[in-house]
Amino acid sequence: MSYLVVTTRCPISYERVAGKVLRRENIGGVAVSLNKLMSKEGGVWICWGDGSADSEHLEENYNGYKIVRVLIPQREKKGFYDDYSNGILWPLFHYFRERIKYYGGAFDSYEYANRIFLEAVLKNVSNDMVIWIHDYQLSLLPGMVRQKSIRNTIVFTWHIPWVSAEFFATLPESRKIVSSIVSSDVITFHTDQYRSNFIHSADFLLGKSSDYAKKSFSIPLGIDYSYYSVNAVRAKNPFDSAMKVIFSIDRLDYTKGLTNRVLSIRTLLERHPELAGKFVYVMIVNPSRTSVKEYINFKRELEMNIGRINGEYASVKWVPIIYIYKKVNDATLLSYYRYADVALITPLIDGLNLVCKEFVAATDHGVLILSKFAGAATELKESLIVNPNSLSEMSDALFNAINMEKQEIERRLSLLKAEIKKRNISWWLARIRQAVERSNYEPTISDFSQE
Ligand code: F6P
């Protein structure tokens, strides 16, 4: 059995910078996991060549498998990526109703782009392959493949939250999307709740069927535990050892709860002025979806809040928030994971969130503060779980984390590490493979946690 993987992002891309072509590896969790699978099993990985020099590398052999890049014409890119995927589906599936802009014509571009992926699937598929399609940008693809009478097993993995049935049904194309997804043989989500919401949505829009539950699974993505734990040991300490360091890294996205996070730093300082000068919050924010209007506006709002809080509390020797708006390399990230005292991972809602898992694997003394609305919170019960809408809860958690006894930190960490080690990336891949192989496998709610 080999895989035909389809994602929007590629494992590597090519960028033209100052006349030179640079090859960039995608270090996102999904890309890293799938690269591991593909280098072991072989096969074909179809993805969107949106790097500025990707058109010169449409096909290549890489790590024992083949990468096939599809190109999306510029005039369709806006409708597909900016307007429908990230202007409509993204806010909808994160319950941000007021941020949805129903752009006319966006769905046509989305369908058009899914058809471009379909052409590549048809060209590259062979009988022994499992077709594994990922995420909300490609929701029409399973249905399109089936309409071409392709009988291969199709796995569809949804990486973001799935909302309640009545909320999903507000989307004009909800029926088309859910009909396409249910034509897959195996459908996976990161939590029981998203799986259950999906089954209800299918029942609600397509009529009740036991088939939807049978083919849907809750299998949370894991990380390569040893990569983070082993490599972090070699990292250099970038911080002053007397300072308590609070750390976070995210894409710049309104779902990540970034504004509330900086406001919780202000609440902390209001309640505990004695902490001024004793901690620093290092907030790394990766540029993301920079052509989407909501993201441009959100950046302005966030930076205004950071500026205001730093202005209120800074002295010539200290600022509470160090804001870094750029991509950091892997080695730098590992050093932050290793030496931070507290990770503040508080999305308003998040499909899973791998940063919290990576931090736990890498740290030997850190405390994790985690939003109850991150998918990973269902697994990481020994973290300090907070409601990201409550500045008071977040500030209390920060205070507790900064002052936590060594013994208590170690107790929590050993349980968290054991959890992440057990449900690692190999576990995720094996569970998906098991779901593919056991056709009469009957999942139950809380499926993954019964092992
Ligand atoms: O996890 C959700 C997701 O949209 C992935 O599909 C995607 O690779 C990632 O976030 C980054 O977003 P984008 O591809 O828009 O940069």
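Since this is a predicted model, take the numbers as computed values, not measurements.

A. Region of the structure containing the pattern of salt bridges. Summed over all chains, the structure comprises 30 salt bridges. For Asp50, the salt bridge is made with Arg9, and the minimal N-O distance between the two is 3.1 Å. Pair noted here: Asp50 is in the loop between β4 (43-48) and β5 (59-62) and Arg9 is in the loop between β1 (2-6) and β2 (12-17), with a separation of 41 residues, a long-range link. Taking the shortest distance from any N to any O, the salt bridge between Glu382 and Arg411 comes out at 3.4 Å. Here Glu382 is found in the loop between β15 (367-371) and β16 (384-386), whereas its partner Arg411 is found in helix α15 (residues 406-422), with 29 residues between them in sequence. Residue Glu382 is classed as partly exposed on the basis of its relative accessible area of 25%. Judged by its relative accessible area of 38%, Arg411 is partly exposed. Residues joined in a network through salt bridges with shared partners are Glu382, Glu408, Arg411 and Arg412.

B. Broad picture of the site of the ligand. The full set of residues close to the ligand is Arg9, Tyr81, Trp90, Asp135, Tyr136, Gln137, Ile160, Arg251 and Arg289. Interatomic distance of 2.5 Å between a side-chain N/O atom of Tyr81 and an oxygen atom of the ligand. With respect to the ligand, the side chain of Gln137 contributes an N or O atom lying 3.2 Å from an oxygen atom. Here the ligand has 380 Å² of accessible area as a free molecule, and 74% of this is covered by the chains. When the residues that make up the shell around the ligand are grouped by side-chain class, the tally is 4 nonpolar, 1 polar and 4 charged.

C. Region of the structure containing the pairing of β4. By the criterion of burial, β4 is predominantly enclosed, with 5 of the 6 residues buried. In this structure, β1 lies alongside β4, joined through 4 bridges in parallel fashion. Counted as the bridge partner of Val6 is Ile46 from β4. Both β4 and strand β6 (residues 65-70) contribute to a ladder of 5 bridges, which runs parallel. Bridged to Trp48 within β6 is Val70.

D. Highlighting the sheet that holds β16. Spatial strand order, β13-β12-β11-β14-β15-β16: 6 strands in an open sheet with parallel pairing. The sheet is open, and its two borders are formed by β13 (321-325) and β16, each paired with just one other strand. Taken pair by pair, the neighbouring strands of this sheet meet at an average axis angle of 20°, ignoring direction. Pairing between strand β11 (residues 244-251) and strand β12 (residues 279-286): 8 bridges, direction parallel.

E. The arrangement of the sheet that holds strand β7 (residues 129-134) in detail. On the basis of which strands lie adjacent, the open sheet formed by 8 strands has the order β5-β6-β4-β1-β7-β8-β9-β10 and mixed pairing. The strands lining the two open edges of the sheet, one partner per strand, are β5 and β10 (216-218). The sheet shows a mean angle of 20° between the axes of neighbouring strands, taken without regard to direction. As paired elements, strand β8 (residues 154-157) and strand β9 (residues 186-189) share 3 bridges and run parallel to each other. Across the sheet, residue Val155 finds its bridge partner in β9, namely Val186. Sheet contacts for helix α16 (residues 425-437): β1, β7, β8, β9 and β10; angle to β7, the most-contacted strand, approximately 120°.

F. Looking closely at the packing of helix α13 (residues 355-362) against α15. The contact between α13 and α15 brings their axes to 9 Å, and the two run at 120°. Classified by chirality, the crossing of α15 by α13 is left-handed. Residues Lys357, Val360 and Ala361 of α13 form the contact with α15, whose participating residues are Leu413, Leu416, Lys417 and Ile420. Residues that form the contact of α13 with α15 fall into these classes: 5 nonpolar, no polar and 2 charged.

G. Local environment of the domain arrangement of the protein. Each assigned domain of the protein is listed here: domain 1 (2-222 + 426-437) and domain 2 (225-422). Domain 1 and domain 2 are separated by 29 Å when their C-alpha centres are compared. Residue-level contacts link 25 residues of domain 1 with 23 residues of domain 2. Each partner contributes to the roughly 1,900 Å² buried at the junction of domain 1 and domain 2, and carbon and sulfur atoms together form 59% of this total.

H. Spatial organisation of the state of the cysteines. Under the criterion given, the structure shown has 1 disulfide. The disulfide partner of Cys10 is Cys47, and the gap between their sulfur atoms is 2.2 Å. Because the torsion about its S-S bond is 100°, the bridge between Cys10 and Cys47 counts as right-handed. You can see Cys10 sitting in the loop between β1 and β2 and its partner Cys47 sitting in strand β4, a full 37 residues away along the chain. Of the two residues examined, Cys10 and Cys47, each falls in the buried class.

Conventions adopted
Residues numbered from 1 in each chain as written. Predicted model: local features only at pLDDT ≥ 70, side-chain atom pairs only at ≥ 80, totals over all residues. Heavy atoms only, no water. Salt bridge = Lys/Arg side-chain N within 4 Å of Asp/Glu carboxyl O. Helix = DSSP H or I, 4+ residues; strand = E, 2+ residues; numbered from the N terminus. Buried < 20%, exposed > 50% of the residue type's maximum accessible area, 1.4 Å probe, protein only. Near = heavy atom within 4 Å. Polar contact = N/O pair within 3.5 Å; in protein donor to acceptor, adjacent residues only side chain to side chain. Areas by Shrake-Rupley, 256 points an atom, 1.4 Å probe, with all protein chains shown as cover. Nonpolar A, V, L, I, M, F, W, Y, C, P; charged D, E, K, R; others polar. Pairing = 2+ DSSP bridges. Axes fitted to C-alpha atoms, helices over the stretch in contact; angles between N-to-C directions. Contact = heavy atoms within 4.5 Å. Left-handed = near helix turned anticlockwise from the far one by under 90°. Domains from an automatic or database assignment. Buried area = accessible area lost by both parts, 1.4 Å probe. Disulfide = S-S within 2.5 Å.

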